[in-house]
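Structure assessment
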Amino acid sequence: MIRYQISSRNPSSHYFDVSLRVDNPDPDGQRLRLPNWIPGSYMIRDFSRNLLDLRARSQAGELDIEQIDKSNWRVGASSGELTVEYKVYAKDLSVRAAHLDHTHGYYNGSSVFVEVMGQGDQPCEVLIERPDAVFCVNWQLATSLKRKQAEVYGFGLYEALDYDDLIDHPVEMGAFTRIAFEACGVPHDIILTGRFECDQARLAADLKTICEHHIRFFGEPAPMDYYQFQVMVVGEGYGGLEHRASTSLIASRASLPKPGQTGVDDDYRDFLGLCSHEYFHTWNVKRIKPAVYQPYDLQQEVYTDLLWAFEGITSYYDDLGLLRSGLIEMDSYLELLAQTMTRVQRGPGRSRQSAAESSFNAWTKFYKQDENAANAIVSYYAKGCLIAACIDLKMRELTDGQQNLDTVMRRLWQTCLQQGKGVEPDSIQQLVSEITGVDLGSFLQELIYGTSELPLPELLASVGVEVVQRVAKNSQDKGGKDVEADLPAADFGATLKDGETGLLVQRVVEAGAAQSGGLSAGDQIIALDGLRLNQAQLESKILRAKPGDVWQVHAFRRDELHQFEITLQAAAVTTFVLKATDQQQAARKDWLGC
Ligand SMILES: [Zn+2]
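Residues numbered from 1 in each chain as written. Predicted model: local features only at pLDDT ≥ 70, side-chain atom pairs only at ≥ 80, totals over all residues. Heavy atoms only, no water.

**Digging into the packing of aromatic side chains**
We apply this condition: Two rings from Phe, Tyr or Trp (for Trp, the six-membered ring) form a pair when their centres sit within 6.5 Å of each other. Planes less than 30 degrees apart are called stacked, planes more than 60 degrees apart edge-to-face, and all others tilted. A run of DSSP states H or I qualifies as a helix once it reaches four residues; a run of E qualifies as a strand once it reaches two. Both are numbered from the N-terminal end. For every residue, the accessible area (1.4 Å probe, protein chains only) is compared with the maximum for its type, and the residue is labelled buried under 20%, exposed over 50%, or partly exposed between those bounds. Both a distance and an angle decide whether a charge sits over a ring: NZ of Lys or CZ of Arg must be within 6 Å of the ring centre and within 35 degrees of the ring normal.
On inspection of all chains with the given rule, the structure shows 30 aromatic pairs. Ring geometry for phenylalanine 218 against tryptophan 283: centres 4.9 Å apart, planes inclined by 10°, an arrangement best described as stacked. Of this pair, phenylalanine 218 sits in helix 3 (residues 200-218) while tryptophan 283 sits in the loop between helix 4 (266-280) and helix 5 (307-324), placing them 65 residues apart in sequence. For the pair shown, phenylalanine 218 and tryptophan 283 are each scored as buried. Between tyrosine 380 and tyrosine 381, the ring centres sit 5.2 Å apart and the planes meet at 20°, which makes this aromatic pair stacked. One aromatic cluster is present, built from ring pairs that chain together Phe217, Phe218, Tyr227, Phe229, Tyr279, Phe280, Trp283, Tyr316, Tyr317 and Trp413. Cation over ring: arginine 178 sits above tyrosine 153, and NZ or CZ is 3.7 Å from the ring centre.

**Considering the coordination of the zinc ion**
Quick note on the threshold: Sites may look incomplete, because water is not among the atoms used; the donor set itself consists of N, O and S atoms within 2.8 Å of the metal (3.2 Å for Na, K and Ca).
Every protein donor of the zinc ion is accounted for by His277 (NE2), His281 (NE2) and Glu311 (OE), and the metal-donor separations fall at 2.0 to 2.1 Å. Read from N- to C-terminus, the donor residues coordinating the zinc ion fall into the pattern H-x3-H-x29-E. Taken as a pair, histidine 281 in the loop between helix 4 and helix 5 and glutamate 311 in helix 5 lie far apart in primary sequence, 30 residues in all. Each member of the pair histidine 281 and glutamate 311 is classed as buried.

**Focus on the packing of helix 5 against helix 6 (residues 330-345)**
Working note: a packed helix pair is described by the angle between its axes plus the distance between those axes. Operational definition: Axes, fitted as lines to C-alpha atoms, cover a helix only where it is in contact. Angles between the N-to-C directions of the axes lie from 0 to 180 degrees. Any angle from 65 to 115 degrees is called roughly perpendicular, while one under 35 is roughly parallel, one over 145 is roughly antiparallel, and all others are oblique. The hand of a helix crossing depends on one turn: near helix anticlockwise from the far one by less than a right angle means left-handed, and clockwise means right-handed. Any two residues having at least one pair of non-hydrogen atoms within 4.5 Å are treated as being in contact.
Close contact between helix 5 and helix 6 brings their axes to 9 Å; oriented N to C, the two are set at 165°. Overall, the two elements helix 5 and helix 6 adopt an arrangement that is roughly antiparallel. In this structure, helix 5 meets helix 6 at a crossing whose hand is right-handed. The segment helix 5 lies against helix 6, with Tyr316, Asp319, Leu320 and Leu323 engaging Met330, Tyr333 and Leu336.

Following this line, the structure appears as structure tokens:
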């Protein structure tokens, strides 16, 4: 048993005070280590950079500590009980690390608890103490960790099966709002932190709907006996991280349903989609997981081709779940799918990087995107979602609607339950061929490892959905909707935003007009054809322009003024709209559930 304790003597300093007691330390010198990354977020984050004042002692007194590398230490040899103490600086308001101030406290175990090497499989208990400040007297505590000696939502003693379990239940503390509901008999809580207005009854009802949908999708009983949505509400923000019995989310105030609000606006649809996504991960990636994650090596990058499946298939079912459970309408779902198609199509990187390569290089490319990302890479989320749609629709077409991707996911879940084995790079391909009785090897190989255009127009036609392509109306146009207004014929080939002294070039499209004329990301355009202009003025100028028109551009690069001649190109037809037709209605109903 490893006994951890976490408190804060001064929450305004953003320090958590952490200690642990090891009854039987390695007599040759106990090694300790802290993870360098957190499962679900594939980037080396070096949590140890926030660890300070590390000390160790035995009954005989203070012990030396040798630092082996950035996240590994060895405590001097001792006999009997070992106590280790340190502080963790917690000022990362994200779902991946830790945050502490007078408004709330939050941490992931992976950034605050060192692992006692050689004893990672030992049960742990953690005494979570109320931070020591007058503004913390009303604070409560929310976590999916098992209570050992603590009131419900109270500070006190919690327990974990082992180190892996300890770091997979983030903890929120503060004066939060708690909303309870049950899904298929399993108690769920929504914990809302921050300043917001929310129709709590509606939020609970809608999340119950989506949770029950996913539980029934994989089959009852649910794999957890309690679940918690931890939501940090901010002005602007979006993101989530999945855990075995909870999820931590960051959401914008505007995305919560307001009292009196009816219908599902785009912001609330995004929030429901995020909740649906993280909840689906309770099965897909938290339990059904790549074999190389069994166990996780949290010291270094762990490479897999499979993030397209774990993030992409999850992205496919997150929105599809909203539709199939009745939270959104078919047109709304087709709009979301068309937006994903548009996102992929607008990036030249799709013809350069496959979904498998995108997965493999998540650590250095997807998670470290720069201004050239759209030219260089494809998202394993977005392309993975479209691959999932292709597999699903192809299976339906080949088996006359008898088989589909749902069967694949249920089979993966059954295999995981019965054998506990991880997913290998070819497991999904084998299952798809086995379930359909057709060798789909080369079809799947091209989807996953290739870069050719996806066969979605044909496959969607087989379920009575027509794919319409058009040019983008303006920089706000995400696709998915018909537009009445005139569309531009020409394209400038750059993503711009209003800056202090003009238009800031954020990205240029490879071989597009801006790049061909010499403009580069980071340039500040101060005049176009001799006039200063903002984004809205540029968009109305483009509406009147033709391919081949030449614009004189003055722009600063660093502190140097440069002049460029930009020859406009024809606007690219990379925006999709999906329309249900009156064909194949039975197949479509079978797919979408409505
Ligand atoms: Zn995800």
